[in-house]
Amino acid sequence: MLQPSSPRQKIQKGLLIRDLKDLKLVRRELEMRARLEAQRLAVLQAAAALARAEKELFSRAVGRVVALAPQHRPGHRASLERARPAPIAEQLRLDEMAVMQEALSDEFDVETLLHTDETLSFRRPGIGPDVVRKLRRGNWSIQRQLDLHGFRREDARNALGAFIREANKAGLRCVRVVHGKGLGSPGKMPVLKGRVQSWLIQKQEVLAFVQARPAEGGAGALVVLLA
């Protein structure tokens, strides 16, 4: 038969129950805190994973990155060399024409250098008379021609200098220069004939020249042998 509890036993029992409740409350508080901490850690891990993924995606999109050289970094001043302007072609042409004008003088005494024969001819020292004979016979075929009909003196001098220079550069050996017979000039005298002879003698590229054969211009043209 159960005996009734004593007042002391009742007090001890009440204290036990109260302690158990408090313990449960503490346990639930700890569990809640643990869950919150786990959630916080999960959020941090997810954020870190997302940042790594974005960084890898950016790296793949950009490719390999190379550090800038010191001279290309901010704060460095580059020194640029200004390009020089290209020479003006027109000025070059004028300079060349000035040289030709200086090289071909109208005061040159040609008479002392011409060989007196039936047509007058010229051969540079060291060139034998047989060369003149072959030139007159047409042993060298004419490769290019310059016609000075209608040219004024200055224009004719410039044109002849340029013609001889270009023919020599092209490797030509025999050319013809037509100066005209002067049939349309006052006094029916050739205006350019003597000057053309003088200009040709002053050109080092010219080895010899003779009056052209009748079929090639006769007294109105010269056949010129070039070096």
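Residues numbered from 1 in each chain as written. Predicted model: local features only at pLDDT ≥ 70, side-chain atom pairs only at ≥ 80, totals over all residues. Heavy atoms only, no water.

- As annotated in an unreviewed UniProt entry, the protein is Smr protein/MutS2 from Polaromonas naphthalenivorans.

So, the overall build of the protein
Part 1 of the reasoning: When its secondary structure is counted, the protein shows five helices and five strands.
Part 2 of the reasoning: Within the protein, the fraction of its 227 residues that count as buried is 26%.
Part 3 of the reasoning: Pairs at least 24 apart in sequence give 65% of the contacts found in the protein among residues at least 6 apart.
Part 4 of the reasoning: Just so you have it, the protein exposes about 16,900 Å², and 57% of that area is on carbon and sulfur atoms. (Helix = DSSP H or I, 4+ residues; strand = E, 2+ residues; numbered from the N terminus. Buried < 20%, exposed > 50% of the residue type's maximum accessible area, 1.4 Å probe, protein only. Contact = heavy atoms within 4.5 Å. Areas by Shrake-Rupley, 256 points an atom, 1.4 Å probe, with all protein chains shown as cover.)

Comments concerning helix α4 (residues 153–169)
Since the α-helix turns once every 3.6 residues, residues separated by three or four places project in the same direction.
Part 1 of the reasoning: The terminal C-alpha atoms of α4, which comprises 17 residues, lie 24 Å apart, in line with the 24 Å expected from a rise of 1.5 Å per residue.
Part 2 of the reasoning: Among all positions of α4, only Ala-156, Arg-157, Asn-158, Ala-159, Leu-160, Gly-161, Phe-163, Ile-164 and Ala-167 are buried. (Expected span 1.5 Å × (residues − 1).)

Side note on the pattern of salt bridges
Part 1 of the reasoning: Taken as a whole, this structure holds six salt bridges when the rule is applied.
Part 2 of the reasoning: As a salt-bridge pair, Arg-40 and Glu-37 come within 2.6 Å of each other at their nearest N and O atoms. Residue Arg-40 and its partner Glu-37 are located together in helix α1 (residues 7–62), separated by three residues, close to a single helical turn.
Part 3 of the reasoning: The partly exposed category is assigned to Glu-37, whose relative accessible area is 35%.
Part 4 of the reasoning: A salt bridge links Glu-166 to Arg-165; the nearest nitrogen and oxygen atoms lie 3.6 Å apart. (Salt bridge = Lys/Arg side-chain N within 4 Å of Asp/Glu carboxyl O.)

Focus on the pairing of strand β2 (residues 144–147)
Part 1 of the reasoning: Alignment of β2 against strand β3 (residues 174–178), held across four bridges, turns out to be parallel. Each residue of the ladder has a partner; that of Arg-144, found in β3, is Val-175.
Part 2 of the reasoning: Regarding the hand of the β-α-β motif, the stretch spanning β2, α4 and β3 is right-handed. (Pairing = 2+ DSSP bridges. Right-handed = clockwise from strand over helix to strand, strands pointing away.)

As for the confidence of the model for the protein
Part 1 of the reasoning: Per-residue confidence for the protein gives a mean pLDDT of 78, with 65% of residues at or over 70.
Part 2 of the reasoning: Predicted confidence for residues 108–112 stays below pLDDT 50, and this span has seven contacts to residues more than four positions away or in other chains. (pLDDT = per-residue confidence, 0-100.)

Quick look at the sheet that holds β3
Part 1 of the reasoning: If you trace the five strands from one edge of the open sheet to the other, you get β1-β4-β5-β3-β2, paired in mixed fashion. Strand pairing shows two members of the sheet lacking a second neighbour, β1 (121–123) and β2, which therefore form its edges. Put simply, the sheet's adjacent strands are angled 20° from each other on average, direction ignored.
Part 2 of the reasoning: Pairing of β3 with strand β5 (residues 221–226) involves five bridges; the strand directions are antiparallel. Its bridge partner lying in β5, Val-177 is registered against Leu-222.
Part 3 of the reasoning: The strands touched by α4 within the sheet are β2, β3, β4 (206–211) and β5, with β2 carrying the most contacts at an inclination of about 175°.
Part 4 of the reasoning: Across the sheet, helix α5 (residues 193–202) is in contact with β1, β3, β4 and β5; its angle to β4 comes to roughly 160°. (Axes fitted to C-alpha atoms, helices over the stretch in contact; angles between N-to-C directions.)

A short note on the nonpolar core
Part 1 of the reasoning: By size, the foremost hydrophobic cluster in this structure holds 22 residues, and its most contacted members are Val-196, Leu-200 and Val-224.
Part 2 of the reasoning: Within the residue set of this core, elements represented by two or more residues are α4, β3, α5, β4 and β5.
Part 3 of the reasoning: With sequence-adjacent residues up to four places away left out, Val-196 is seen in contact with Leu-148, Leu-160, Val-177, His-179 and Leu-222.
Part 4 of the reasoning: Judged by nonpolar contacts, the second largest core, of 13 residues, contains Val-132, Cys-174, Val-210 and Ala-221. (Core = buried A, V, L, I, M, F, W, Y, C linked by side-chain atoms within 4.5 Å.)

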